[in-house]
Amino acid sequence: MLDEEDEFTHVESSLDDLSHAEFLMIYREAGNNLLFAKRQQWQALAYLSLAFVAIYFLAMANAYDAKFLNYLIACSLILTVFAIASEIFLQFWQINEKRKIREIAKHLSTSTQRVRALKSRGESNAHRYMMLFMLMAYILMAQIALLRVLWNMVP
């Protein structure tokens, strides 16, 4: 974090205009990619939830067919593995985009660097991994709830 009492001197970027424009374009692109990956994480969670609801209704409609229920259980387990893998891949994508942004920011003005330092890297990482943990916990809890319901239906 920044100390408010430190003397601050604004120093312009040492980049030429074309390089500066390129860096800003890459910075903007990395920010957009970061937001897209975050959006994809939440959409994957929403689609998984909808898939679990659909599996539940299919099971209710065919509760007498043990073989079909076992097939639905297998499908739900496969979907859970895919969802967890997708969440992890998207998290790594976000980490790489954050690295790009951090590297680009080193070449921008000291004012930009000062503003970016308002939130510490450690705090950002803690928030990011807490959210990932909550996403994973939701996926696993939903899977466990669905499995319990499906197992209770098996004749």
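Refer to the structure presented above.
The rules behind these values
- Residues numbered from 1 in each chain as written.
- Predicted model: local features only at pLDDT ≥ 70, side-chain atom pairs only at ≥ 80, totals over all residues.
- Heavy atoms only, no water.
- Helix = DSSP H or I, 4+ residues; strand = E, 2+ residues; numbered from the N terminus.
- Rg over C-alpha atoms; globule rule 2.2 N^0.38 Å.
- Buried < 20%, exposed > 50% of the residue type's maximum accessible area, 1.4 Å probe, protein only.
- Contact = heavy atoms within 4.5 Å.
- Areas by Shrake-Rupley, 256 points an atom, 1.4 Å probe, with all protein chains shown as cover.
- Lys, Arg positive; Asp, Glu negative; His and termini not counted.
- Charge placed at Lys NZ, Arg CZ, Asp CG, Glu CD.
- Expected span 1.5 Å × (residues − 1).
- Axes fitted to C-alpha atoms, helices over the stretch in contact; angles between N-to-C directions.
- Parallel < 35°, antiparallel > 145°, perpendicular 65-115°, else oblique.
- Nonpolar A, V, L, I, M, F, W, Y, C, P; charged D, E, K, R; others polar.
- Core = buried A, V, L, I, M, F, W, Y, C linked by side-chain atoms within 4.5 Å.
- Salt bridge = Lys/Arg side-chain N within 4 Å of Asp/Glu carboxyl O.

Student: I keep staring at the overall build of the protein and nothing clicks. Help me out?
Tutor: Per the secondary structure count, the protein includes four helices and zero strands. In the protein, the order of α-helices and β-strands from amino to carboxyl end is α-α-α-α. By the compact-globule yardstick of 15 Å for 155 residues, the protein is too spread out, its C-alpha radius of gyration being 23 Å. Projected onto its principal axes, the C-alpha coordinates of the protein cover approximately 75 × 35 × 15 Å. Per-residue burial for the protein yields a buried fraction of 27% across its 155 residues. Contacts spanning at least 24 positions in sequence make up 86% of the contacts within the protein whose residues lie at least 6 apart. Summed over all atoms, the accessible surface of the protein reaches about 10,400 Å², with 65% contributed by carbon and sulfur. A gap of 12 Å separates the mean positions of the 15 positive and 15 negative side-chain charges of the protein.

Student: Explain helix α4 (residues 121-153) to me, please; I cannot follow it from the model alone.
Tutor: Owing to its 3.6 residues per turn, the α-helix brings residues three or four apart onto one side. For α4, spanning 33 residues, the distance from its first C-alpha to its last is 48 Å, which sits close to the expected 48 Å at 1.5 Å a residue. On its buried side, α4 packs onto α1 (17-61) and α2 (66-105).

Student: Looking at this structure, how should I read the packing of α1 against α2?
Tutor: Each pair of packed helices gets described by two things: the angle between the helix axes and the distance between those axes. Where α1 meets α2, the axes come as close as 9 Å, and the angle between the chain directions of the two elements is 170°. As judged from the angle between their axes, α1 and α2 are roughly antiparallel. Residues that form the contact of α1 with α2 fall into these classes: 24 nonpolar, eight polar and five charged.

Student: What is the right way to read the nonpolar core from this model?
Tutor: The nonpolar side chains of soluble globular proteins are, as a tendency, buried together. Among the nonpolar cores identified, the biggest contains 16 residues, and Phe52, Ile55, Ala59 and Leu150 are the most heavily contacted of them. The set of elements that each furnish at least two residues to this core consists of α1, α2 and α4. Beyond its immediate stretch of four places on either side in the chain, Leu150 contacts Ile55, Ala59, Leu72 and Ile73.

Student: Before we go on, may I ask you to explain the pattern of salt bridges in this structure?
Tutor: Where charged atoms from two side chains of opposite charge approach closely, those side chains can pair. Evaluation of the coordinates by the stated rule reveals two salt bridges. Its salt-bridge partner being Glu97, residue Lys100 comes within 3.3 Å of it at the nearest N-O pair. In this pair, Lys100 and Glu97 both sit in helix α2, three residues apart, roughly one turn of the helix. The exposure class assigned to Lys100 is partly exposed, which follows from its relative accessible area of 34%. With a relative accessible area of 4%, Glu97 lands in the buried category.

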